[in-house]
2 protein chains.
Amino acid sequence: MQKNPNKCQFVGTLDTIVGKWKPLIIYLLLQGEPLRFNELRRLLPGITQRMLTLHLRELEEEGIVKRVIYPQVPPKVEYSITEYGMSLSPVMETIHQWGAIHVERKKLTNQITTSNSADL
Amino acid sequence: MQKNPNKCQFVGTLDTIVGKWKPLIIYLLLQGEPLRFNELRRLLPGITQRMLTLHLRELEEEGIVKRVIYPQVPPKVEYSITEYGMSLSPVMETIHQWGAIHVERKKLTNQITTSNSADL
DNA sequence: CTGTATCCGCTCCGATACTG
DNA sequence: CAGTATCGGAGCGGATACAG
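Residues numbered from 1 in each chain as written. Chains lettered and ligands numbered in written order. Predicted model: local features only at pLDDT ≥ 70, side-chain atom pairs only at ≥ 80, totals over all residues. Heavy atoms only, no water.

**A few points about the pairing of strand β2 (residues 65–70) of chain B**
All names here are of chain B.
(1) Moving on: Relative to strand β3 (residues 76–81), β2 is paired through six bridges, and the arrangement is antiparallel. Paired with R67 across the strands is Y79, a residue of β3.
(2) Moving on: Between β2 and β3, which pair antiparallel and follow one another directly, the connecting turn spans five residues. (Pairing = 2+ DSSP bridges. Helix = DSSP H or I, 4+ residues; strand = E, 2+ residues; numbered from the N terminus.)

Okay, structure coming up:
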């Protein structure tokens, strides 16, 4: 399918970290502290149970996130970053920094775009 | 809209570079050489005219890509990276490297046993 | 050569309800 | 507490045809 090796690399990485909430989930878990399901939910205002579950499952399948179930009542599940997941740290850090630096510019761009929407 | 500043940074960056072909377009133009529309098309096997146009327009609006029209017959349009776009270089490089390192693992995870290491 | 214009399927994601 | 199931809308991207 993918003949272009350069494309493979970008697609591979981005498929792993792209998703409406994935970057933030990874970012939160990269802080080091394991987090419970509802703790993540509180740290991600607006996320639905469904999306949190789905994204955590995907990250688990990728080997980025480790899921530990404590057999208790009520249930307790902790999510933490894996060694493999930690290798994403420089990627996330670079993305985070670029965003921080260029957020202002993006705001301007969006304002221009918005004001030009009159020509519909 | 986005209450979480950390989220803003990730979303801001990823919105800029995410898209089915955007990373590769940026990567190609980061090589330095201005490229014509059809040159890009040839370098991106499988892309449609529509998507190439749309992605280029978005990148242009973001200030990542510069579009120069030469008033000729037949038409000639060259796309090149802007100074601002060059600031994405470390981001793209980091993503590219992580992908290159972890492509093999991803193949195993996805149970794709093509083992076609030739495209590395 | 460098685009636009339509149509349309498919995936992502939200909302909501239900469960061990 | 930590999920699963189902429905449905919105938007991305592909296929195709047309145009300056």
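**Concerning the side chain of H102 of chain B**
(1) Moving on: Of note, H102 of chain B is situated in helix α6 (residues 89–109).
(2) Moving on: When its relative accessible area of 12% is taken as the criterion, H102 of chain B is described as buried.
(3) Moving on: Excluding residues that lie within four positions of it along the chain, H102 of chain B makes contacts with Y84 and S87 of chain A. (Buried < 20%, exposed > 50% of the residue type's maximum accessible area, 1.4 Å probe, protein only. Contact = heavy atoms within 4.5 Å.)

**What about unusual backbone geometry?**
(1) Moving on: Going from V73 of chain A to P74 of chain A, the amide bond is cis rather than trans, its omega being 0°.
(2) Moving on: When you line up the elements, P74 of chain A lands in the loop between β2 (65–70) and β3 (76–81).

**Describing the protein's contact with DNA strand D**
(1) Moving on: Taken together, 20 residues surround DNA strand D, and among them Q49, T53, R67 and Y79 of chain A together with K20 of chain B come closest.
(2) Moving on: Across the atoms of DNA strand D situated within 4 Å of the protein, the share located in sugar and phosphate is 61%.
(3) Moving on: The separation between a phosphate oxygen of DNA strand D and a polar side-chain atom of R36 of chain A is 2.9 Å.
(4) Moving on: Looking at the surface near DNA strand D, the elements with two or more residues in it are α3 (37–43), α4 (49–62) and β3 of chain A together with α4 (49–62) of chain B.
(5) Moving on: It is α4 of chain A that provides the largest number of residues to the surface near DNA strand D, a total of four residues.
(6) Moving on: Looking at the surface near DNA strand D, its residues break down into eight nonpolar, five polar and seven charged. (Near = heavy atom within 4 Å. Polar contact = N/O pair within 3.5 Å; in protein donor to acceptor, adjacent residues only side chain to side chain. Nonpolar A, V, L, I, M, F, W, Y, C, P; charged D, E, K, R; others polar.)

**So, the packing of aromatic side chains**
(1) Moving on: Counting across every chain of the model gives four aromatic pairs over all chains.
(2) Moving on: Judged by centre distance (5.2 Å) and plane angle (65°), the ring pair of Y27 of chain A and F10 of chain B falls under edge-to-face. Residue Y27 of chain A is found in helix α2 (residues 22–30), and its partner F10 of chain B is found in helix α1 (residues 5–17); the two belong to separate chains.
(3) Moving on: Since its relative accessible area comes to 2%, F10 of chain B is described here as buried.
(4) Moving on: Seen in terms of ring centroids, W98 of chain A and Y84 of chain B are 5.9 Å apart; in terms of plane orientation they differ by 35°. Their pairing is tilted. Of this pair, W98 of chain A sits in helix α6 (residues 89–115) while Y84 of chain B sits in helix α5 (residues 83–86), which puts the two residues in different chains. There is no split in this pair, since W98 of chain A and Y84 of chain B are both buried.
(5) Moving on: Looking at K76 of chain A, its charged tip hangs above the ring of Y70 of chain A, at a distance of 4.8 Å from the centre. (Phe/Tyr/Trp six-rings, centres within 6.5 Å; stacked < 30°, edge-to-face > 60°. Lys NZ or Arg CZ within 6 Å of the ring centre and 35° of its normal.)

**Remarks on the sheet that holds β2 of chain A**
Residue and element names in this part refer to chain A.
(1) Moving on: One open sheet accounts for three strands, arranged β1-β3-β2; its pairing is antiparallel. Strands with a single pairing partner mark the edges of an open sheet, and in this sheet they are β1 (35–36) and β2.
(2) Moving on: Along the sheet face, α2 touches β1, β2 and β3 and points at about 90° away from the line of β3.
(3) Moving on: Here α4 sits on the sheet and contacts β2 and β3; the angle it forms with β2, its principal contact strand, is near 110°. (Axes fitted to C-alpha atoms, helices over the stretch in contact; angles between N-to-C directions.)

**Re the packing of α2 of chain A against α4 of chain A**
Residue and element names in this part refer to chain A.
(1) Moving on: For the pair α2 and α4, the least separation of the axes is 10 Å and the interaxial angle reads 65°. Here α2 lies roughly perpendicular to α4, going by the angle between them. Where α2 crosses over α4, the handedness of that crossing is right-handed. Residue-level inspection shows K22, I25 and I26 of α2 in contact with α4, the latter providing L52, H55, L56, E58 and L59.
(2) Moving on: Partitioning the contact of α2 with α4 into residue classes produces five nonpolar, one polar and two charged. (Parallel < 35°, antiparallel > 145°, perpendicular 65-115°, else oblique. Left-handed = near helix turned anticlockwise from the far one by under 90°.)

Function-wise, these values are silent; they only describe arrangement.
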